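Architecture at a glance
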Amino acid sequence: MPGFRLEQGGLIDRSTPLNFRFDGKSMSGFAGDTLASALLANGVQLMGRSFKYHRPRGVYGSGSEEPNALMTLGRGQEEESNLRATMVDLYDGLDARSQNAWPSLNLDLLSANSMISAFLPAGFYYKIFLGSANFWLLPEYFIRRAAGLGYPNALDNEDDFQHHYQHCDVLVAGGGTSGLAAALAAARSGASVVIVDEHARLGGQGLWRNAEERVFVDAALSELEANPKIKVLTRTTAWGHYDDNMVACIQIEGDPGAPLAPHQPRARAWHMRAQRVIYATGAIERPLVFANNDRPGVMLAHAAGSFASKFGVLIGKRILLATNNDDSYAHASILAQAGAEVTLLDARSAVSAALTAQAKAAQVDLRLGQTVLAAKAGKAGPSAAEIGALDGKSSSLIDCDAIASSGGWSPSIHLHSHTGGKAEWRDDLQAFVAGKRLQEGVTVGAAAGLFGAQDALASGWQQGLAAAQDLGHHQASGEAPRLELAEAPTTTIMPLWSCPKPKILKGKAFVDFQNDASASDVAMANQEGYRSVEHLKRYTTLGMGTDQGKTSNINGHALLAEAQGRAIAEVGTTTFRPPYSPVTLGAFGGPHTGMAFAPIRRTPMQALHAAAGASFVEAGLWYRAEWYSRPGEDMWASIKREALNVRQAVGMCDVSTLGKIDVQGPDAQEFIQRLYCNGMKTLPVGKVRYGLMLRDDGMVFDDGTVARLADQHYYMTTTTAKAAAVLAHMEYHLDVVWPDLKVRVASITDQWAGMSIAGPRSREMLQAALPGLDLSNEGLPFMGFLDTELNGLPIRLLRISFSGELAYEVHTPSRFGPQVWQVLEQVGQDFGLMAYGTEALGALRIEKGHVAGGELDGRTTPADMGLGKMVAKKKDFIGRLGLMREGLSRDDRPRLVGLMPADGRSKFVAGSQLTEAKSVGGFGQITKSLGWVSSAHFSVEHGCTIALGFVENGDRRHGETLYAASPLDGLHVPVTLVSPHMIDPQGERQHG
Amino acid sequence: MDKPLRLTDAGLLSAPLPACPGFSMDERPIAALWQVAAFKGCGDSLTAKLAGLNDGNTPAPGGSLASKDFCLLWAGPDQWWLTSEAVSQEALAERFAALIDPEEATMLDLSHARCCLRLTGERRFDILNKSCFVDFLHFRPGDVIMTQVEQLAVTLLAVDEDTTDLYVTTSFAQALVDYFDHGCAEYR
């Protein structure tokens, strides 16, 4: 019969019943259940279908090793797939669904794959390719649809995920007996300790294995709770150990598939930085490999014992338990004491008297020298098993309704392995243990191959103490706790991996349940030459998937060794890599999604722009006002209005985002002189100069202005985009190239708010705002500046122009920015002042032919942009030698040109290629590109799209017509090459 | 016209600032913040001069010294911040200008470039550690750390056992406040 709930026992809270659903059917369980235990208690054996053959599968383990019972939980936004039923704590309203079955779990038509399994061995898809690659295309769709696990949720995930950085002296991964002992010893010595465990409560097997161990666990838990030096994290898995003892952990905070409480995180990614790491990660039981060992109702011996002791669920009434080691006797006893009729098959011909007595006392039917050969089972669970001696000569059937097996235990050395630590084979344990280590991590307890409770406790205590003392913590820790065990458990084992072939029953013997890799697949891989364990893994997929081969790896490697007639130690094991168990992708992103992806940088006038109806555009991390909408206007109407107003009256634009750098020192002048390619030595105090900065390779790096505040003090501006890069460039040259220069540089971008006042009425307006100042060409000439006050607030007034109009920039300490903006806005009302955004700004500077980001793309020289005459001939500067390279001074280099549609109206776009012929599209019709369009915008002056671009010999080709081709946009527009200065070529406006 | 000392007063930071049980945030006024930086090879000389103002003491790397009306924070090799909530930028400059030989060091006004957020309560490190990798177990009163919070460069000053001052560039102050608001939401 299927599993059922015992009348008493277990660690569940029977006073708190919980309702849940599985595949639409209502069921109930108790607080403290896992989904797996609750399903078993409700008589559910069939919980999933296998990856490839769609074989019926039930729960196999009781922890994170579970390969079979994978579920999808929740609906809609909360839906999450591939959750291990053994790791899901039951909650009221839980809604679980089975996966990878069609049309239903019970009647899965895709299980027909089992009938053609002979044609679908490991690596069958590689073999399909051997014929014709095209042949693969036909079955691929069906194969991909038929295979797999659950589906990812396609809806946007709005759950909250948090990150947390944590430091500690000692991190203990695993909260079983050895982990608790290690944490206590380290904390009592004075070390700060973090202990993590993947389950909802600490204690591990110590919670139920024996009464004495439970006493220790309870006392330890009380002490942990009371000690402020210990941080306890439950439902937290240490899934990766990285360099410098950084251990990545994932903590499940919200129940999977359930709606979250407001502001409750779904999960938290912990970045633990520990001085010492103690791996108390336990061990994972291996199954025996026998025919039909994958059927529902067949599971690990430890899992069967655990379900009975921890959850009060018995997996059957007539249980067959097959083993090769001592540990199973305890589980057989537990099952028998819970009321099951237990037959224990021990493959060994002789065992200790103590074990025999233990079996007898528990009324277990012990049969030595026998093992299980096959299960007679369908999707409803086993009805019988074929058993026999190891020589395979004879066999018989035995009735049973559940089968458990144990092939020994594999210490969990995954974290040790993540750090590059080696694995060493131990014959006495028939297992790999941690070998040479590369980081400060040690294994204790079962993870170190110490399977007895007292040994585990002692090793944990000893290593916890050693770790603390090694870090200089020597407080009295008291005596090591001891378990008062009646008799120390033994841990002997005989090697047994694959049971003999059955004579009566038939069936596949599986090694890796999740990937449907069988013993015959391992044998075939070896026959076909995949002799390394790493090749075996890739060829058969053994060890992959959500369980990462926790129950299958060692069996697979042992079978490979057997097939090759080699020792397991010679064959070795694959390298464990993070993550230890699945980590939800949301935890990696944390809270950094959507608008929180990166921090937003705001100018001081941001709120004023928003209130004025601005739409914002990202410029690096800045949010800049792109245009200001007025009722009844669309975007283009707003932009045109703003640009036109600058040309006809006066506009104000927030330019706080421009990089600003303070340069001071006795050698500041020399430094500035070397930094820019144009002359700066003659810049007098009180004046501003446009500057062009090159990279070492001679290409233009950035442009901006330099104001000389005092003999040794300069105020630089850069483009918004390159502000940080320019500062880094300057610091590099001061620290590395010219360490002898006495100069200090610092970013003052945040110190100053900036606003550009541009347009023919800008002087009038500013004169009204600053009545005491002489703003005439004599009082403040073009490229001059002065420091003054506006309504008692300090401002720096610079006469510079980006738009080509008469223009000024008003800079003020940033806290005063909003007040200064509002004062100017008030004064400007009488002069037709309007705010303008970056779109209008872009249109205006293109009309004027001023270069910006599109032209400063790292591929252009000063000469390419028509600024060759600026480059100083008699001084040294960054990029001078690079600029002297032959290729950078060739006549046929692309030169900056203005571009207008030949028909005076067609639209074309930035990024277009400039070609002589119309078509650039289609294979075999590629036409040579003569250049490209770097920036384009609608011009209010010309009433059409205008652009800047680069064309071979462009400066000598004004008047020619080329095509601006953008195949992606379907545009092939004839354009005329003109001077880049498409308004006011003589500069009369800005000098006016 | 009033000159705001705090971003909240200037309308540059939304109020009220985030809080939850065990955590509160307040913006401190910055009357003055001067960055004093020595040129290469001049650090010792400047250190000695600054020590003259503080009974012979200057903060060690990673430290600070608070006097009656200003605080001296270590801000990098041969670099300090002089901050004050009480003394104006000009007044503080006057006191120090005589000390600063322009051949040895520079003084730079950063009073508008930084915002000072005071974090109070035992929960503050939990929230900081959501994006800051500093080990606050060893962050003692008077300590200064230049680090990152939410990808932003910040300077942290341990004022006392229960209080930490966080200096952030003005343009990112609202982003950081938004971060704290989100960070403490789960504790409300």
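Residues numbered from 1 in each chain as written. Chains lettered and ligands numbered in written order. Predicted model: local features only at pLDDT ≥ 70, side-chain atom pairs only at ≥ 80, totals over all residues. Heavy atoms only, no water.

Quick look at the overall build of chain A
Counting its secondary structure elements, chain A contains 24 helices and 49 strands. Compactness check: chain A gives a C-alpha radius of gyration of 38 Å against a globular reference of 30 Å for 992 residues, more than 25% above the reference. With 992 residues in all, chain A has 59% of them scored as buried. Taking as baseline every contact in chain A between residues at least 6 positions apart, the subset at least 24 positions apart corresponds to 67%. By element, 53% of the accessible surface of chain A is carried by carbon and sulfur atoms, the whole surface being about 38700 Å². Distance between charge centroids for chain A: 4 Å, based on 92 positive and 103 negative side chains. (Helix = DSSP H or I, 4+ residues; strand = E, 2+ residues; numbered from the N terminus. Rg over C-alpha atoms; globule rule 2.2 N^0.38 Å. Buried < 20%, exposed > 50% of the residue type's maximum accessible area, 1.4 Å probe, protein only. Contact = heavy atoms within 4.5 Å. Areas by Shrake-Rupley, 256 points an atom, 1.4 Å probe, with all protein chains shown as cover. Lys, Arg positive; Asp, Glu negative; His and termini not counted. Charge placed at Lys NZ, Arg CZ, Asp CG, Glu CD.)

With respect to helix α10 (residues 453-470) of chain A
All names here are of chain A. In this model α10 runs 26 Å from its N-terminal to its C-terminal C-alpha over 18 residues, within 8% of the 26 Å that 1.5 Å per residue would give. Those residues of α10 lying buried are A453, Q454, A456, L457, S459, G460, W461, G464, L465, A467 and A468. Structurally, α10 contributes buried residues whose contacts are with β9 (160-173), α4 (177-188), α5 (211-226) and β14 (265-279). The positive-phi residue at the C-terminal boundary of α10 is G472, with phi of around 90°. (Expected span 1.5 Å × (residues − 1).)

Structural notes on the domain arrangement of chain B
Residues and elements named next belong to chain B. Per the domain assignment, the segments of chain B are domain 1 (19-29 + 113-185) and domain 2 (32-109). Distance between the C-alpha centres of domain 1 and domain 2: 23 Å. Domain 1 puts eleven residues into the contact, and the matching count from domain 2 is 13 residues. Between domain 1 and domain 2 the total buried area reaches about 940 Å² when both faces are included, carbon and sulfur atoms providing 61% of it. For the domain 1 face of the interface with domain 2, the top three residues by lost area are V144, M146 and Y167, together amounting to 45%. At the boundary of domain 1 and domain 2, one finds one salt bridge. Between E85 and R28 there is a salt bridge, with the nearest N and O atoms lying 2.8 Å from each other. Inspection of the region where domain 1 meets domain 2 yields three residue pairs in polar contact (both at pLDDT 80 or more). Elements represented by at least two residues in the side of domain 1 that touches domain 2 include exactly β8 (114-120), β9 (144-149) and β10 (152-160). For the side of domain 1 that touches domain 2, the class distribution of residues is five nonpolar, two polar and four charged. (Domains from an automatic or database assignment. Buried area = accessible area lost by both parts, 1.4 Å probe. Salt bridge = Lys/Arg side-chain N within 4 Å of Asp/Glu carboxyl O. Polar contact = N/O pair within 3.5 Å; in protein donor to acceptor, adjacent residues only side chain to side chain. Nonpolar A, V, L, I, M, F, W, Y, C, P; charged D, E, K, R; others polar.)

Some thoughts on the sheet that holds strand β42 (residues 807-813) of chain A
All names here are of chain A. Here we have six strands laid out as an open sheet, ordered β40-β41-β42-β39-β33-β43, and mixed in their pairing. Of all the strands in the sheet, just β40 (785-790) and β43 (833-835) have a single pairing partner and so form its edges. Taken over all neighbouring pairs, the strand axes of this sheet differ in orientation by 25° on average, direction set aside. Bridging between strand β39 (residues 752-758) and β42 involves seven bridges; their strand directions are antiparallel. Within β42, the residue paired with I757 across the bridge is Y808. Contacting β33 (650-654), β39, β40, β41 (793-798), β42 and β43, helix α21 (residues 817-828) runs over the sheet at an angle of about 15° to β39. (Pairing = 2+ DSSP bridges. Axes fitted to C-alpha atoms, helices over the stretch in contact; angles between N-to-C directions.)

Topic: the domain arrangement of chain A
Assigned domains within chain A: domain 1 (160-283 + 412-470) and domain 2 (891-991). Between the C-alpha centres of domain 1 of chain A and domain 2 of chain A the distance comes to 66 Å.

Digging into a nonpolar patch on the surface
Taken together, the side chains of A:W102, A:L107 and A:L109 define a hydrophobic patch exposed on the protein surface, amounting to about 360 Å² of accessible area. Tracing the chain through its elements places A:W102 in the loop between β8 (94-97) and α2 (124-131). (Patch = residues over 30% accessible without salt bridge, like charges linked within 9 Å, V, L, I, M, F, W, Y side chains within 5 Å.)

Here we look at the pattern of salt bridges
In the structure shown here, the tally under the stated rule is 57 salt bridges over all chains. Here B:D9 ties to B:R6 by a salt bridge, and the two come within 3.2 Å at their closest N and O atoms. The network of salt bridges with common partners includes A:R647, A:E805, A:E847, A:E941 and A:R989.

As for the environment of B:Y179
All names here are of chain B. As for its position among the elements, Y179 is in helix α4 (residues 173-185). With 94 residues separating them in the primary sequence, Y179 and E85 have C-alpha atoms 25 Å apart. Each residue touching Y179, except ones within four places of it in the same chain, is listed here: I127, L128, K130, S131, V149 and E150.

Comments concerning the packing of α4(A) against α5(A)
All names here are of chain A. Close contact between α4 and α5 brings their axes to 10 Å; oriented N to C, the two are set at 40°. Regarding the angle of α4 to α5, the classification is oblique. Here α4 and α5 pass one another in a crossing that is left-handed. The residues of α5 that touch α4, namely those facing T177, L180, A181, A183, L184 and R188, are E213, F216, V217, A220, L221, E223 and L224. Partitioned by chemical class, the residues of the contact of α4 with α5 number nine nonpolar, one polar and three charged. (Parallel < 35°, antiparallel > 145°, perpendicular 65-115°, else oblique. Left-handed = near helix turned anticlockwise from the far one by under 90°.)

What to know about unusual backbone geometry
The residue after A:P578, namely A:P579, is reached through a cis peptide bond having omega 0°. Along the chain, A:P579 falls in the loop between α14 (568-571) and α15 (585-589). The omega angle of the peptide bond from B:A15 to B:P16 is 0°, so this bond is cis rather than trans. You can see B:P16 is positioned in the segment before β1 (19-20). Residues other than glycine seldom take positive phi values, yet A:D516 does so here, at roughly 55°. Mapped onto the fold, A:D516 is located in the loop between β29 (510-512) and β30 (517-518).

Examining the pairing of strand β46 (residues 929-939) of chain A
Residue and element names in this part refer to chain A. The element β46 is extensively covered by neighbouring structure, given that eight of its eleven residues are classed as buried. Inspection of the sheet shows strand β45 (residues 913-915) paired to β46 by three bridges, in the antiparallel sense. Bridge pairing in β46 places T915 opposite S929. Pairing analysis gives eight bridges linking β46 to strand β47 (residues 944-952), with the strands arranged antiparallel. Within the sheet, the bridge partner assigned to S935 lies in β47 and is L948. Taking the residues that link successive antiparallel strands as the turn, the β46-β47 hairpin has four residues, and the phi of G943 there is positive, at about 70°.

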